[in-house]
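As a plain string of letters, each chain reads:
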Amino acid sequence: MKPELIVMLTQNDITVDNAQKVFGSCRDLPVKFWGFKNTGITPVDAKRLVGAMKESNKITFLEVVTYTEESCLENAKLAVESEFDYLTGTRFFPSVAKFLEGTPVKYFPFVGDVGGSPVTLKGSVQDILEDCKRLERAGVHGLDLVAYRYAEGDPVELAKQVVAQASTEVIIAGSISSYERLKIVNEINPFAFTMGSALFEGLFVSDGDFRVNLQKVIELMKTI
């Protein structure tokens, strides 16, 4: 199985103002995973957008880029109330995992020492691998790795080791912004990877809009 593309309606880790309109312009494309961040959107609009995605038979992802226990728990509640399929990001907190028990929401917290917006990842490869094991022992459904935001080493080597050693599914999140990186992610073969800013910034088709760039990525993924 090839990695799945999660299309994120976000730029620089913030949900875009016209997320509903952008999704509506692309809902017919053959991409089943869609998501956005907890920042830049109200709970009411988040629920409305998830509803539109569900109507189009999409699988939905909320990625949380705030890090306090209070904020992470608040957004776990948003994920349940808005009927997201996945909650990704957050620092791992037992309270969040406990709250999600018995709900349909799958929990994929960030691994390693994460912080900031845009997110950065710090620590040695060994520290990050040990954190992955800690989270898996805690019973999470999967792991969210911001590989290309890794500040202290080789992001590709880190991602290879995390995916190879994980006993759960791994999402590689952030900065997949070129054909070369698409090929690398395909070789690493995680469960899925996210892409948002690259589509809004025209990094695949410089004079194309979001839809044109997404169509190009879909075409490129078929050739890999």
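Computed from a predicted structure; not experimentally measured.

### Looking at the overall build of the protein chain
Here's step 1: A count of helical and extended segments in the protein chain gives nine helices and 12 strands.
Here's step 2: Taken over C-alpha atoms, the radius of gyration comes to 16 Å for the protein chain, in line with the 17 Å a tight globule of 224 residues would show.
Here's step 3: Taken across its 224 residues, the protein chain has 51% of its residues classed as buried.
Here's step 4: Within the protein chain, counting contacts between residues at least 6 apart in sequence, those at least 24 apart form 66% of the total.
Here's step 5: Here the protein chain has roughly 10100 Å² of accessible surface; of this, 50% comes from carbon and sulfur atoms.
Here's step 6: Averaging the positions of the 24 positive and the 30 negative side-chain charges in the protein chain gives two centres separated by 4 Å.

### Thoughts on the pattern of salt bridges
Here's step 1: Tallied over the entire structure, the rule returns 11 salt bridges.
Here's step 2: Taking the shortest distance from any N to any O, the salt bridge between Lys 37 and Glu 63 comes out at 2.9 Å. You can see Lys 37 sitting in strand β4 (residues 33-37) and its partner Glu 63 sitting in strand β5 (residues 59-64), a full 26 residues away along the chain. As far as burial versus exposure is concerned, Lys 37 and Glu 63 are alike and both buried.
Here's step 3: A cluster of three or more residues bridged by salt bridges with shared partners is formed by Asp 13, Lys 37, Glu 63 and Arg 149.

### Description of the pairing of β5
Here's step 1: With five of its six residues buried, β5 lies for the most part within the structure.
Here's step 2: This β-α-β element, β4 to helix α2 (residues 43-55) to β5, shows right-handed connectivity.
Here's step 3: Alignment of β5 against strand β6 (residues 86-89), held across four bridges, turns out to be parallel. Bridging across to β6, Phe 61 finds its partner in Tyr 86.

### Re α2
Here's step 1: Look at α2: 18 Å from first C-alpha to last across 13 residues, which is about the 18 Å you get at 1.5 Å a residue.
Here's step 2: Residues of α2 that are buried include every one of Ala 46, Leu 49, Val 50, Ala 52 and Met 53, and no others. Down the axis of α2, the smallest arc covering the buried residues is 155°, so these residues share one side. Opposite its buried face, α2 presents the exposed residues Val 44 and Glu 55, each directed more than 90 degrees away.
Here's step 3: In this structure, the buried side of α2 is in contact with α1 (19-26), β4, β5 and α3 (69-81).
Here's step 4: Asn 57 sits one or two residues past α2 and shows a positive phi near 60°.

### Points about the packing of aromatic side chains
Here's step 1: Going through the model one piece at a time under the given rule, you end up with 10 aromatic pairs.
Here's step 2: Ring centres of Phe 108 and Phe 191 lie 6.1 Å apart, and the angle between their planes is 35°; on these two criteria the pair is classed as tilted. You can see Phe 108 sitting in strand β7 (residues 106-108) and its partner Phe 191 sitting in the loop between α7 (179-188) and β12 (192-195), a full 83 residues away along the chain.
Here's step 3: Feature note: the residues Phe 33, Phe 61, Tyr 86, Phe 108 and Phe 191 constitute an aromatic cluster, connected by ring pairs.

### As for the packing of α1 against α2
Here's step 1: Between α1 and α2, whose axes approach to 10 Å, the crossing angle comes to 5°. If you check the angle between α1 and α2, you find them roughly parallel. Between α1 and α2, the residues in contact are Ala 19, Gln 20 and Phe 23 and Asp 45, Arg 48, Leu 49, Ala 52 and Met 53, respectively.

### Quick word on the nonpolar core
Side chains of a nonpolar character, in soluble globular proteins, are inclined to be buried together.
Here's step 1: Leu 9, Trp 34, Leu 87, Leu 145, Met 195, Phe 210 and Leu 214 are the most contacted members of the largest nonpolar core, which totals 73 residues.
Here's step 2: In contact with Trp 34, other than residues within four places in its own chain, are Ile 6, Val 7, Leu 9, Phe 23, Cys 26, Met 53, Lys 58, Ile 59, Thr 60, Phe 61, Phe 210 and Leu 214.

### Section: the sheet that holds strand β1 (residues 4-8)
Here's step 1: On the basis of which strands lie adjacent, the open sheet formed by eight strands has the order β7-β6-β5-β4-β1-β12-β11-β10 and parallel pairing. At either end of the open sheet lies a strand with only one pairing partner, and these are β7 and β10 (142-145). Neighbour-to-neighbour, the strand axes of this sheet turn through a mean angle of 25°, independent of strand direction.
Here's step 2: Strands β5 and β6 of the sheet are contacted by α3, whose axis makes an angle of about 170° with β5.

Rules used in this analysis
Residues numbered from 1 in each chain as written. Predicted model: local features only at pLDDT ≥ 70, side-chain atom pairs only at ≥ 80, totals over all residues. Heavy atoms only, no water. Helix = DSSP H or I, 4+ residues; strand = E, 2+ residues; numbered from the N terminus. Rg over C-alpha atoms; globule rule 2.2 N^0.38 Å. Buried < 20%, exposed > 50% of the residue type's maximum accessible area, 1.4 Å probe, protein only. Contact = heavy atoms within 4.5 Å. Areas by Shrake-Rupley, 256 points an atom, 1.4 Å probe, with all protein chains shown as cover. Lys, Arg positive; Asp, Glu negative; His and termini not counted. Charge placed at Lys NZ, Arg CZ, Asp CG, Glu CD. Salt bridge = Lys/Arg side-chain N within 4 Å of Asp/Glu carboxyl O. Right-handed = clockwise from strand over helix to strand, strands pointing away. Pairing = 2+ DSSP bridges. Expected span 1.5 Å × (residues − 1). Arc of directions from axis to C-beta. Phe/Tyr/Trp six-rings, centres within 6.5 Å; stacked < 30°, edge-to-face > 60°. Axes fitted to C-alpha atoms, helices over the stretch in contact; angles between N-to-C directions. Parallel < 35°, antiparallel > 145°, perpendicular 65-115°, else oblique. Core = buried A, V, L, I, M, F, W, Y, C linked by side-chain atoms within 4.5 Å.

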